[in-house]
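# Architecture at a glance
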Amino acid sequence: MKATALAHPNIALVKYWGKRDEARILPHQSSLSVTLAPMHVTTTVEFGAVEADVVELNGATAKGGEAARVLAALDLVRALAPKLGKAKVVSRGDFPAAAGLASSAAGFAALAVAARAAAGLPRDVRAESILARQGSGSACRSIQGGVCVWKKGTALDGSDSFAEQAFPDSHWPQLRLVVAMVSREEKEVKSRDGMRTTVETSPYYPAWARNAEAEIQPALAAIAARDLQAIGELSERNAWRMHATALAADPPLCYLKPATLAVIHALAAERRAGRPMYFTLDAGPNPVILTDEANELRAVELARACGATEVVRGQPGGDARLVDAHLF
Ligand code: 2P0
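These numbers were taken from a predicted model, which means no experiment stands behind them.

## Description of the sheet that holds strand β8 (residues 60-61)
The strand order across the open sheet built from six strands is β8-β7-β9-β6-β1-β16, with neighbouring strands paired in mixed fashion. Whereas interior strands pair on both sides, the edge strands pair on one side only; in this sheet they are β8 and β16 (321-323). Pairing of strand β6 (residues 41-47) with strand β9 (residues 87-93), which is carried by seven bridges, proceeds in the antiparallel orientation. Residue pairing for β9: E46 is matched across the bridge by K88. Strands in contact with helix α2 (residues 103-118) are β1 (2-7), β6, β9 and β16; relative to β6, the strand with the most contacts, it is inclined by about 35°.

Here is the structure:
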């Protein structure tokens, strides 16, 4: 009745931005991401040993919406395996929550794997991905390592909307993703609300969804060929289009800060000098630099020179997995 799982965060190169079903967390378009090591979240779930559900995230009791999302995921497991009783959940991440690395992705992936195992259910990456998705959309892409594609699916119940691995982490071990933390401020508009506003008010939204869907196959081809220039250019284009769509919402959503643009322009200068470095940008100000092993330290220096107060270095990581060391 007790299990512990570890999961890595992921960075989307073709972004997920906008839901067609808010309750089930079903997207309008498919997305593609790289699972990122070494950073990870570890989560222990135990059923039947407490009087009331209790959730502890990074040393503090979860409250409000945060706790409700975790309990809703546990309820989905309890519906599959009755008589489990109340649950204790303890979760800990080893990277800054404000890094823009979507700790919720790694968190809900680890929760999905641990909760199913604690309930005595077998490992099943599809079921885990669907469960993680219902906690936080991007979490469905952190069940497996390497490069994963979340196919949007068409079923109303979401049974065909889950992520699958396209390439294992061993496919491209030289790839590097460097997070330039230029701002630690809480973002003004959370992804969930920003997406909703964009879907409802941006006149560019249908074009965004169509284009993102069309970028999945070229992205897979670029990664298959380990073509950093092709995947870098595609990632930049996709990030710009996501942000352009959000900027066109009413009220507009601008996640960029001056230092974000400083990094973006510095990367363009590096490329003119023959060094392959590209950016992607989630719903926040902290760019992620895509480069290779040979240029990783230069990317770190560039990030610092542009005002990054912290730099987090990652590379393709492995699957979410069960571990023996419980957190309680
Ligand atoms: C992504 N983001 O593909 C995109 C790019 C942010 C920008 O997935 O509402 O925390 O829980 O499904 O997964 C962040 O949104 O949102 C996100 P919910 P989530 O990584």
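Alright, that's what it looks like, and here's the rest.
## Points about the pattern of salt bridges
Overall, the coordinates contain 16 salt bridges when judged by the stated rule. Between R241 and E215 there is a salt bridge, and its shortest N-O distance comes to 3.9 Å. With R241 in helix α6 (residues 228-247) and E215 in helix α5 (residues 205-224), this pair connects stretches of sequence that are 26 residues apart. With relative accessibility at 6%, the residue E215 sits in the buried group. With a shortest N-O distance of 2.9 Å, E270 and R298 are connected by a salt bridge. Of this pair, E270 sits in helix α7 (residues 258-272) while R298 is found in helix α8 (residues 296-305), placing the two residues 28 residues apart along the sequence. The exposure class of E270 is buried, given its relative accessible area of 9%. The class of R298 is partly exposed, set by a relative accessible area of 35%.

Scoring rules and cut-offs
- Residues numbered from 1 in each chain as written.
- Predicted model: local features only at pLDDT ≥ 70, side-chain atom pairs only at ≥ 80, totals over all residues.
- Heavy atoms only, no water.
- Pairing = 2+ DSSP bridges.
- Helix = DSSP H or I, 4+ residues; strand = E, 2+ residues; numbered from the N terminus.
- Contact = heavy atoms within 4.5 Å.
- Axes fitted to C-alpha atoms, helices over the stretch in contact; angles between N-to-C directions.
- Salt bridge = Lys/Arg side-chain N within 4 Å of Asp/Glu carboxyl O.
- Buried < 20%, exposed > 50% of the residue type's maximum accessible area, 1.4 Å probe, protein only.

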